[in-house]
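Analysis of the macromolecular model
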Amino acid sequence: MTGKTVEISGKHLTIMDTTLRDGEQTSGVSFSEGEKLSVAKVLLEDVKVDRIEIASARVSEGEFKGTKRVMQWAAQKGHLEKVEVLGFVDDKISLQWIADAGGKVINLLCKGSHKHVTEQLRKTPEQHIEDIKQVINNATEMGIKVNVYLEDWSNGMRNSRDYVHFMVENLKNEKVDRIMLPDTLGILDPDETYDFCKDMIESFPDVDFDFHAHNDYDLAIANVFHAIKAGIRCVHTTVNGLGERAGNAPLSSVIATIKDHLKMKTNVNEAQLNKVSKLVESFSGIRIPTNKPLIGEFVFTQCSGIHADGDSKNNLYFNELLPERFGRTRQYALGKTSGKANIKKNLEELGIELDKESLKKVTNRIIELADQKETITSDELPYIVADVLENDFFEQKVRVINYSVHYTMGLRPVASVSIEIGKKIYEEFSDGDGQYNAFVNSVKKIYKRLEKPFPVLVDYLVTIPPGGRTNALVETVITWRNNHEFKTKGLHPDQNTAAILATIRMLNVIENDYNTENLNKN
Ligand SMILES: CC(=O)SCCNC(=O)CCNC(=O)[C@H](O)C(C)(C)COP(=O)(O)OP(=O)(O)OC[C@H]1O[C@@H](n2cnc3c(N)ncnc32)[C@H](O)[C@@H]1OP(=O)(O)O
């Protein structure tokens, strides 16, 4: 298969991240001007990737404004040559678009397979090369650097290798900085990736090649790995693996793989990977699967009691992939496979110590709840403890006395609320974008009056059991942020009530502020 592996340990690899161009080609994703700027800043200044591709030329007025805004910032910071825009073989049209936006680098989309040039462009290879040379000459006159994408290169190598060689042969002496080899349709496997990249590198030793993977067979990371082994020294990534169809190679997985398996170096600061991942999740609206390596919510969560027990005994389950490297922490899930060890770890985190008998009781209750398919968040643990041990250390400091929420078609939803906080009753009334929003706005007014901070709602997840029963229980898990992030849950057949229950839980969490001193006296 892959032949002799070149010695790569300790060598340097560069990263070109295309979240803002190929990542935006994920169905349904469109970044606003401000979002493009925020992601560009984090990628270049915090994560420290080497280059970014931020747009396709000619797309829209909005894309132009976003590109211009990133270019203005990049110019002030001296990053202009690291910010690239995809453009087309269209004489001066794309170049002018890029120049007007303040850009200095075009990634010129050329055809990498004979099929594409003859059937899509309806040109001969010779005509295509002439057109490309014209764009390169124009770019040079305009002070714009050129990299060339050989679109559909992987297919070209399979079915028209001579055409690919003809293209590179003709481009290698032109003013082209890099030739980028995309597996446009994600058709490659690791062996072919290795062989095709090796062919390029050995045939054109003076050309700098990039490799651009797609994940259609879930092989993007494996193909990146083999491209590097074949001698490629720059790979393309996207944050969270966004990208057309099944996406591109995820930045975080590429970085961890390069470092741990190939022992190579990059400029990337891996401690910032989780931050950029969350930012892109929020801006793109594409949720990260909870089991996505390195960035998924539960990938550093031990679920089984036996693993948690091993962690307490000289880190028996240690591996190189420590969560702290990526700005995260190890967590211990609460569920039916938790066992005492997991629950103990969570209690320690909250500063709660229980005797053996109490720990057993709490463990049994958690297993019971999990059997009923309930999600148990660590922030709710103190309540479970208080409930099981029948003490009032975790008292309900906040109680709803009454509330009503109204929705009338054509009018703004309204809510009125009466709640008890620390034995005093407060009432408020508000409108909102929805009924739950009206409820929260009313409570916020009370908190404002009391000059107490109200946490920010970070995430709101509603689930119902599959099967389509309209009377099923709805589970709402809300993520909040005050000085830290925490989750609370509400369970009810009515969706608004489930969210309101989760909100009251949250108010009790902040009012009690994990009043664990009392619990420890137990
Ligand atoms: C590496 C990759 O991921 S490739 C993805 C590249 N990015 C994009 O396509 C997103 C941005 N694209 C767009 O917004 C639009 O496609 C535009 C503005 C570029 C062009 O729009 P339209 O004029 O409406 O054409 P349309 O979208 O149908 O594209 C097809 C045309 O592009 C031509 N074309 C295809 N590849 C290229 C190329 N590399 N250079 C120049 N023209 C090309 C086709 O031959 C076809 O031309 P024809 O209509 O004369 O036959």
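Counting restarts for each chain: residues are numbered from 1 in the order of the written sequence. Since the coordinates come from a predicted model, pLDDT governs what is reported: local features require at least 70, and pairs of side-chain atoms require 80 or more to be given and counted, while whole-chain, interface and lining totals use all residues. As a rule here, side-chain values cover all heavy atoms of the structure and leave hydrogens and water aside.

**Quick word on unusual backbone geometry**
Unusually for a residue other than glycine, Arg-122 sits at a positive phi of about 55°. The backbone phi angle of Lys-423 is positive, close to 75°, even though this residue is not glycine. Numbered from the N terminus, helices here are DSSP runs of H or I no shorter than four residues, and strands are runs of E no shorter than two. Locating Lys-423 in the fold gives a position in the loop between strand 12 (414-421) and strand 13 (424-431).

**Focus on helix 11 (residues 273-284)**
Multiplying 1.5 Å by the helix residue count minus one yields the expected span of that helix. With twelve residues, helix 11 should cover 16 Å at 1.5 Å per step; its first-to-last C-alpha distance of 16 Å lies within 8% of that length. Contact criterion: two residues are considered in contact whenever any of their non-hydrogen atoms come within 4.5 Å of each other. Contacts from the buried residues of helix 11 go to helix 1 (33-47) and helix 10 (251-260). The first or second residue beyond helix 11 is Gly-285, which carries a positive phi of 75°.

**Observations regarding the site of the ligand**
Not every one of the 14 residues close to the ligand is listed here, only the nearest: Arg-21, Val-89, Leu-109, Lys-111 and Arg-122. The term polar contact refers here to a pair of N or O atoms within 3.5 Å; inside protein, the definition further demands a hydrogen-donor-capable atom paired with an acceptor-capable atom, and it admits residues adjacent in sequence only when both atoms are side-chain atoms. Here Arg-21 contributes a side-chain N or O atom positioned 2.9 Å from an oxygen atom of the ligand. Gln-25 places a polar side-chain atom, nitrogen or oxygen, 3.4 Å from an oxygen atom of the ligand. Each accessible area value is a Shrake-Rupley result obtained with a 1.4 Å probe; residue values ignore everything except the protein chains displayed when judging cover. Its free accessible area being 1,000 Å², the ligand has 56% of it covered by the protein chains. Listing elements by their share of the shell around the ligand, those giving two or more residues are strand 3 (83-88) and strand 4 (105-111). Residue polarity is assigned by list, with Asp, Glu, Lys and Arg as charged and Ala, Val, Leu, Ile, Met, Phe, Trp, Tyr, Cys and Pro as nonpolar; anything else, Gly included, falls into the polar class. The class makeup of the residues in the shell around the ligand is six nonpolar, three polar and five charged. Residues are counted as near a molecule or strand when any one of their heavy atoms sits within 4 Å of it.

**Considering a positive patch on the surface**
On the surface, a cluster of positive charge is contributed by Lys-340, Lys-344, Lys-356 and Lys-360. At the level of elements, helix 13 (339-350) and helix 14 (356-371) are the ones that each hand at least two residues to the positive patch. By the element assignment, Lys-344 lies in helix 13. Nonpolar side chains (Val, Leu, Ile, Met, Phe, Trp, Tyr) are joined into patches within 5 Å and like charges within 9 Å, using only residues with over 30% relative accessible area and no salt bridge. Whenever Lys or Arg places a side-chain nitrogen within 4 Å of a carboxyl oxygen from Asp or Glu, that contact is recorded as a salt bridge. By the counting rule applied here, Lys and Arg register as positive and Asp and Glu as negative, while His and the ends of each chain are not counted. Think of each charge as sitting on NZ of Lys, CZ of Arg, CG of Asp or CD of Glu.

**Focus: the domain arrangement of the chain**
Put simply, an interface is often sized by how much accessible area is lost when its parts join up. Domain limits in this description derive from either an automatic procedure or a database domain assignment. Here the chain is partitioned into domain 1 (14-284), domain 2 (301-389) and domain 3 (398-521). For domain 1 and domain 3, the distance between their C-alpha centroids amounts to 45 Å.

**Describing the UniProt feature "domain: Pyruvate carboxyltransferase" (unreviewed entry) in the chain**
Residues annotated by UniProt as "domain: Pyruvate carboxyltransferase" (unreviewed entry) correspond here to residues 13-274. The distance from the first to the last C-alpha atom of residues 13-274 is 21 Å, and the span holds 45% helix and 16% strand. UniProt positions are given in the numbering used here, feature names are shortened, and annotations may be inferred rather than shown by experiment.

**Examining the pairing of strand 13**
Note: two strands are recorded as paired if DSSP finds a minimum of 2 bridges between them. Note: strand 12 against strand 13, eight bridges, orientation antiparallel. Residue pairing across strands places Val-417 opposite Glu-428, the latter belonging to strand 13. Connecting strand 12 to the antiparallel partner strand 13 that follows it, the hairpin turn spans two residues, and Gly-422 within it adopts a positive phi of roughly 55°.

**Here we look at the pattern of salt bridges**
Taken as a whole and assessed by the stated rule, the structure comprises 33 salt bridges. Here Asp-199 and Arg-161 are joined by a salt bridge, their closest N and O atoms 2.5 Å apart. Pair noted here: Asp-199 is in helix 8 (residues 190-203) and Arg-161 is in helix 7 (residues 161-171), with a separation of 38 residues, a long-range link. Judged by relative accessible area, Asp-199 falls into the buried class, the value being 15%. Each residue gets one of three labels from its accessible area relative to the maximum for its type: buried under 20%, exposed over 50%, partly exposed in between, using a 1.4 Å probe on protein chains only. For Arg-161, a relative accessible area of 39% corresponds to the partly exposed category. Put simply, Glu-320 and Lys-263 hold a salt bridge, and the shortest N to O gap is 4.0 Å. Remark: Lys-263 occurs in the loop between helix 10 and helix 11 and Glu-320 occurs in the loop between helix 12 (305-312) and strand 10 (331-332); sequence separation between them is 57 residues. Classification of Glu-320 as partly exposed rests on a relative accessible area of 47%.

**So, the confidence of the model for the chain**
Residues with a pLDDT of 70 or more make up 92% of the chain, whose mean pLDDT is 89. pLDDT is defined as a per-residue confidence score from the predictor, taking values between 0 and 100. For residues 1-6, every residue scores under 50 in pLDDT, and the model assigns this stretch 15 contacts once sequence neighbours within four places are set aside. Throughout residues 515-522 the model reports pLDDT below 50, and contacts reaching past four residues in sequence, or to other chains, amount to 17 contacts. Here the prediction assigns the complex a pTM of 0.82, and the interface score ipTM is 0.94.

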